[in-house]
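# Fold and contact review
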Amino acid sequence: MGKDKIRRFAAVKEFPNFFEPVIKEPSSLGGNWNKHFKNDNPIVLELGCGKGEYSVGLAQHFPGKNFIACDIKGARMFIGAEQALEQDLDNVAFLRTKIDFITDYFSSGEVDEIWLTFSDPQPKKPNKRLSSKIFMDRYREILKPGGIIHMKTDSDLLFEFTEELIKEENYDLIELTWDLYGDLPENIDPITRDIFHIKTHYEKLFTAKGAVIKYCKFRIS
Ligand SMILES: C[S@@+](CC[C@H](N)C(=O)[O-])C[C@H]1O[C@@H](n2cnc3c(N)ncnc32)[C@H](O)[C@@H]1O
């Protein structure tokens, strides 16, 4: 790890909006997120958040929702966690964990929505994809009935895989587009337009190279 990564990784552990198992026992988090946020507002997760600017952007737009950005890379999450503190955004938190253990940190039905943003396509390890059936079954344990999953990606492989799974498992598909920005209707309401235009770090990199962004929204229960 480079010097700056080590500094950021150490610094983020001191932030009041940052959680990881060695700081807080999982059992003290699940079912208690609304105590941390001091309200009963809906909880939205971003899984594989990287730097977490997407959650910070959503938190600015939706003060009535609580956002928890999750990833295993603490030094990356420092960026978003620091932005949130600088902006006094108290409706966004950061949880460092492998998503494989996500059910340890939330109680049944505690989560309203999940965002999968530019998840690793994992070409050779389909079961490690964050939109695989194994992960969907984990998400079902923590989502409210009717809870929503959103996915944004540049990857044809991952999007096709997810679209197939939605069909095979008969999930309730709400929206799907293979060209999010090309398909956005001109008269779309301003809030929705803003949400789609909040870009993650990877999204900015990929769109600069001309990648077409795909999006889908569905329910698994
Ligand atoms: C391609 S990056 C995308 C980051 C961010 N969402 C963005 O769009 O800028 C994928 C991220 O997912 C995280 N990730 C992948 N699999 C994970 C897992 N099983 N548990 C935790 N994080 C994971 C990686 O650490 C990485 O930060």
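One structure accompanies this document, and this report is about it. (Residues numbered from 1 in each chain as written. Predicted model: local features only at pLDDT ≥ 70, side-chain atom pairs only at ≥ 80, totals over all residues.)

### Here we look at the overall build of the protein chain
Heads up, the condition is: By definition, any uninterrupted DSSP run of H or I lasting at least four residues is a helix, any uninterrupted run of E lasting at least two residues is a strand, and each is numbered from the N terminus. With the radius of gyration taken over C-alpha atoms, the globule rule is written as 2.2 Å times the number of residues to the power 0.38. Distance between backbone-placed C-beta atoms decides contact: two residues are in contact if it is within 7 Å.
When helices and strands are tallied, the protein chain shows 10 helices and 8 strands. In terms of overall size, the protein chain behaves like a compact globule, its C-alpha atoms giving a radius of gyration of 17 Å where 221 residues would be expected to give roughly 17 Å. Its C-alpha atoms give the protein chain principal-axis dimensions of roughly 40 × 40 × 35 Å. In the protein chain, of all internal contacts separated by at least 6 residues, the share reaching a separation of at least 24 is 78%.

### Some details on the site of the ligand
Rules: In this entry, near means the residue's backbone-placed C-beta atom lies within 6 Å of the molecule or strand. Only Asp, Glu, Lys and Arg are considered charged in this grouping, and only Ala, Val, Leu, Ile, Met, Phe, Trp, Tyr, Cys and Pro are considered nonpolar; every other residue, Gly among them, is considered polar.
The environment of the ligand is made up of 18 residues, and the closest members are Gly48, Gly50, Phe118, Thr200 and Tyr202. With 3 residues, helix H10 (residues 201–208) is the largest single contributor of residues to the shell around the ligand. Here the residues of the shell around the ligand sort into 5 nonpolar, 6 polar and 7 charged.

### Here we look at helix H7 (residues 156–168)
The line we're drawing: By this rule the span expected of a helix is its residue count minus one, scaled by 1.5 Å. Exposure is read from a count of other C-beta atoms within 10 Å of each residue's own; the residue is exposed at 12 or fewer, buried at 20 or more and partly exposed in between. C-beta atoms are placed from the backbone. Here the arc refers to the directions that run from the helix axis out to each C-beta atom.
With 13 residues, H7 extends 18 Å between its outermost C-alpha atoms, agreeing within 8% with the 18 Å of an ideal straight helix rising 1.5 Å per residue. Along H7, the positions that sit buried rather than exposed are Leu158, Phe159, Thr162 and Ile166. The arc that holds the buried residues of H7, viewed along the axis, is 95 degrees, so those residues lie on one side. In this structure, H7 carries Glu160, Glu164, Lys167 and Glu168 as exposed residues pointing more than 90 degrees from its buried face. Asn170, located one to two residues past H7, shows a positive phi value of around 60 degrees.

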